[in-house]
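Here are the chains, one letter per residue:
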Amino acid sequence: MTTINQDQLRAIFHYLKVPARDYDLGNNTRVGACETIEHTSQGWEVYATERGSKCAVEIFSDETDACFNLLYRMTHYCYIDKNLPQLTIRKLHSILVYLKVPEELYDFSAGYFGTNCYSMEWTAQGWEVFFAVNGEKRDIAVFDNETDACLDLLYKVMHR
């Protein structure tokens, strides 16, 4: 399994141009931050803040899943600037390289699908994320937008 920590997540947010004021990575310095991650006695907490109170709290046993959840939240729910970061297949590839996800776990070589790896492509049905076996698609998931497809693929390769 590939891991991700708060420092790596900070770098990913910087790469995606998420304003630093919109999130807090565990030091509770941004009272008005949209989304926060914090290590507590309960585990890794990810939550939104509203008027100084925690809301929509989710607790994870490991930092990787908490960081992934915060990445998901920042691309879906944080409306501070009304400008959510978009993930594209190109940006996803850069993130996978940055996280040192083994290249044999994914293949983005349009039209050719590797063996025993995840891939994605745009089809008439939408963005398809699938597991490729001997050039055949298996376990296909279809998404309306590229960001959701990228997040799905990222989650799958990180947990394989």
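All figures in this text were calculated on a predicted structure; none of them were measured in a lab.

The rules we used
Residues numbered from 1 in each chain as written. Predicted model: local features only at pLDDT ≥ 70, side-chain atom pairs only at ≥ 80, totals over all residues. Heavy atoms only, no water. Salt bridge = Lys/Arg side-chain N within 4 Å of Asp/Glu carboxyl O. Helix = DSSP H or I, 4+ residues; strand = E, 2+ residues; numbered from the N terminus. Buried < 20%, exposed > 50% of the residue type's maximum accessible area, 1.4 Å probe, protein only. Pairing = 2+ DSSP bridges. Axes fitted to C-alpha atoms, helices over the stretch in contact; angles between N-to-C directions.

Student: Tell me what's going on with the pattern of salt bridges, and back it up with residues and numbers.
Tutor: Scanning the entire structure with this criterion turns up 9 salt bridges. Between lysine 137 and glutamate 121 there is a salt bridge, with the nearest N and O atoms lying 2.3 Å from each other. Here lysine 137, found in strand S7 (residues 136–143), pairs with glutamate 121, found in strand S5 (residues 117–123); they are 16 residues apart in sequence, far enough to count as distant. Lysine 137 gets classed as partly exposed once you look at its relative accessible area, which sits at 28%. In this structure, the salt-bridge partner of arginine 138 is glutamate 136, at a minimum N-O distance of 3.8 Å.

Student: Would you mind going over the sheet that holds strand S1 (residues 23–25) in detail, with residue names and values included?
Tutor: The strand order across the open sheet formed by 4 strands is S1-S2-S3-S4, and the pairing between neighbours is mixed. If you trace the sheet from one side to the other, it starts and ends with S1 and strand S4 (53–60), each paired once. Strand-to-strand, the axes of this sheet are offset by a mean angle of 25 degrees, without reference to chain direction. As paired strands, strand S2 (residues 35–40) and strand S3 (residues 43–50) are joined by 6 bridges and run antiparallel to one another. Looking at the pairing, histidine 39 lines up with tryptophan 44 of S3.

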